[in-house]
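# Observations on the three-dimensional arrangement
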Amino acid sequence: MDIHEYQAKEVLAGFGVTVPDGALAYSPEQAAYRARELGGDRWVVKAQVHAGGRGKAGGVKVCDSDVAILDASEAMFGMKLVTHQTGPEGKGVYRVYVEAAMPISREIYLGLVLDRTTQRVMIVASAEGGMEIEDISADKPDSIVRATVEPAVGLREFQCRQIAFKLGIDPAQTQQMVRTLQGCYRAFTELDATMVEINPLVVTEDGRIVALDAKMTFDDNALFRHPQISELRDKSQEDPREARAADRGLNYVGLDGNIGCIVNGAGLAMATMDTIKLAGGEPANFLDIGGGATPERVAKAFRLVLSDQKVEAILVNIFAGINRCDWVAEGVVQALREVEVNMPVIVRLAGTNVEEGQKILARSGLPIIRATTLSEAAERTVGAWKNELSQGIKIRAMS
Ligand code: GDP
Ligand code: MN
């Protein structure tokens, strides 16, 4: 789960990281009012979306008057901010953050990520702040400083000093750098984050080290341990298909293709997607409905897959170990009676009570295409989909 910049700053400030004074606003008037409350004569208005690259896309504006703040935030509110991280559909701006502007002397990149190769938290830093890390690693790979943390002892002070030295931090500011790094590391581990990124971390003209931007991502599977973090979820920033799935307790990842997949088991779901691609199709989603799928759950899965307007054919692939094929078949029949599905539906059942399951599908009188093996199922799905397309039938998902 991602959180907004202003939320990440509040979290990190709680771990001793210095952040600028700022306030959140839900309207242009409130933004101007917040700036007056903050005081000073220069502010930065920042669109709050779950994506980086806002600066280049018009989502960060430095302002020096009330009118400038009203204008800047009026342009931001309600817009779909498109950055290189959002995809072409962009992300809606419903909150802006107003901060006192900082006199910047230099910008540094700082990131903490989980490095799967070393199985450690890795600190990545560069004196080339302000640029995206992808660009830094392409253009200035030598500027990147890396350090891994031994989990049993945590991030040691000498490591932080080493990083500060390699970044060319003035010795007078080393202690601030140590505090910033250790604060980020503690926030990362204590809150089960998978990523903390401060870009830029700045040295101000008066010698302070301040997080000018902040991003944090958390491990979804650990959120139950951190109710104060899960509370920060903002569904307006998530893929609506995935948000709906999360609400229904289904394990779903939206993709760009048009073959909807309903599968039990994550491994089988992955294999199903691969086989669809092998047969010349593109999966619209990953969906694992879980081991003990009841007819209600199968019906829910159908509704979810059909709510994706891109879906033009559906493949149901169930291997019943814990589950029973007859229950799944009942679920499919029930779903197809409740929800209008005017596109090819292919069902492949295997495992416990498979004969009974096949009978239920056959007896239903519904135009279900059946298959026995996975490759046959994928080929029939892609075949049926191409056939409908070639006949010029306008297939539309009904939600
Ligand atoms: P991002 O583009 O989404 O990563 O948004 P950032 O918060 O990183 O802001 C983009 C850029 O705006 C930064 O790299 C800075 O150069 C500039 N910026 C942001 N806040 C301030 C500020 O308080 N003062 C000044 N002078 N520039 C700022
Ligand atoms: Mn940034």
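Residues numbered from 1 in each chain as written. Chains lettered and ligands numbered in written order. Predicted model: local features only at pLDDT ≥ 70, side-chain atom pairs only at ≥ 80, totals over all residues. Heavy atoms only, no water.

## A short note on the coordination of the manganese ion (ligand 2)
Here the manganese ion (ligand 2) is held by N199 (O) and D213 (OD), and the distances to it run 2.1 Å. Of this pair, N199 sits in strand β10 (residues 193–204) while D213 sits in the loop between β11 (209–211) and β12 (215–218), and the two are 14 residues apart along the sequence. There is no split in this pair, since N199 and D213 are both buried. (Donors = N, O, S within 2.8 Å, 3.2 Å for Na, K, Ca; no water. Helix = DSSP H or I, 4+ residues; strand = E, 2+ residues; numbered from the N terminus. Buried < 20%, exposed > 50% of the residue type's maximum accessible area, 1.4 Å probe, protein only.)

## Description of the packing of aromatic side chains
Going through the model one piece at a time under the given rule, you end up with 1 aromatic pair. Each ring, one from Y6 and one from Y97, has its centre 5.9 Å from the other, and the planes form 35 degrees; the classification is tilted. Of this pair, Y6 sits in helix α1 (residues 5–13) while Y97 is found in strand β6 (residues 96–100), placing the two residues 91 residues apart along the sequence. We note that Y6, like Y97, is buried. (Phe/Tyr/Trp six-rings, centres within 6.5 Å; stacked < 30°, edge-to-face > 60°.)

## Some points on the nonpolar core
The nonpolar side chains of a soluble globular protein tend to be buried with one another. Grouped together as the largest cluster of nonpolar side chains are 43 residues, with contacts concentrated most on L12, L110, L112 and M216. When residues of this core are assigned to their parent elements, the largest contribution, 7 residues, is made by helix α6 (residues 174–190). For L112, the contacting residues outside a window of four places in its chain are V121, M122, I123, C184, Y185, F188, T194, M195 and V196. Membership of the second largest hydrophobic core comes to 35 residues, among which are V298, A299, A320 and I368. (Core = buried A, V, L, I, M, F, W, Y, C linked by side-chain atoms within 4.5 Å. Contact = heavy atoms within 4.5 Å.)

## Section: the sheet that holds strand β2 (residues 43–47)
Overall, antiparallel pairing links the 4 strands, which are arranged β1-β6-β2-β3 in an open sheet. Only two strands of the sheet have a single partner each, and these edge strands are β1 (22–25) and β3 (60–63). Geometrically, the sheet is characterised by an average inter-axis angle of 20 degrees between neighbouring strands, direction not taken into account. Its contacts with the sheet place α1 against β1, β2 and β6, and it is angled at close to 50 degrees to β6. (Pairing = 2+ DSSP bridges. Axes fitted to C-alpha atoms, helices over the stretch in contact; angles between N-to-C directions.)

## Some points on the domain arrangement of the chain
What the domain assignment lists for the chain is domain 1 (1–19 + 103–238), domain 2 (21–101) and domain 3 (240–389). With centres defined by C-alpha atoms, the gap from domain 1 to domain 2 works out at 23 Å. With 16 residues of domain 1 at the contact, the number on the domain 2 side is 19 residues. Both faces combined, the contact of domain 1 with domain 2 buries some 1500 Å², and carbon together with sulfur accounts for 40% of it. Connecting domain 1 to domain 2 are 5 salt bridges. (Domains from an automatic or database assignment. Buried area = accessible area lost by both parts, 1.4 Å probe. Salt bridge = Lys/Arg side-chain N within 4 Å of Asp/Glu carboxyl O.)

## Concerning the packing of helix α10 (residues 295–306) against helix α11 (residues 325–338)
Here α10 crosses α11 at 45 degrees, and the two axes come no closer than 7 Å. Here α11 runs oblique to α10, going by the angle between their axes. Handedness of the α10/α11 crossing: right-handed. Where α10 approaches α11, its residues P295, E296, V298, A299, F302 and R303 are matched on the opposing element by W327, V328, E330, G331, V332, Q334, A335, L336 and E338. Tallied by class, residues from the contact of α10 with α11 come to 9 nonpolar, 2 polar and 4 charged. (Parallel < 35°, antiparallel > 145°, perpendicular 65-115°, else oblique. Left-handed = near helix turned anticlockwise from the far one by under 90°. Nonpolar A, V, L, I, M, F, W, Y, C, P; charged D, E, K, R; others polar.)

## Concerning the pattern of salt bridges
For the structure shown, the criterion picks out 24 salt bridges. The closest approach of N and O atoms between E5 and R54, which form a salt bridge, is 2.8 Å. Placement of E5 in helix α1 and of R54 in the loop between β2 and β3 is noted, with a sequence separation of 49 residues between them. Taking relative accessible area as the criterion, E5 reaches 4% and is therefore assigned buried.

## Description of the UniProt feature "binding site: substrate" (unreviewed entry) in the chain
In this numbering, the UniProt entry assigns the feature "binding site: substrate" (unreviewed entry) to N264. For N264, a relative accessible area of 8% puts it in the buried group. Here the side chain of N264 touches F319 through a polar contact of 2.9 Å, landing on its backbone oxygen. (UniProt positions renumbered as here; feature names shortened; annotations may be inferred. Polar contact = N/O pair within 3.5 Å; in protein donor to acceptor, adjacent residues only side chain to side chain.)

## Side note on the site of ligand 1
Around ligand 1 sit 15 residues in total, of which K46, R54, G55, M102 and E107 are the nearest. Within the side chain of K46, one N or O atom sits 2.5 Å away from an oxygen atom of ligand 1. In the complex, 82% of the free accessible area of ligand 1, which totals 560 Å², lies under the protein chains. Listing elements by their share of the shell around ligand 1, those giving two or more residues are β2, β7 (104–115) and β10. (Near = heavy atom within 4 Å. Areas by Shrake-Rupley, 256 points an atom, 1.4 Å probe, with all protein chains shown as cover.)

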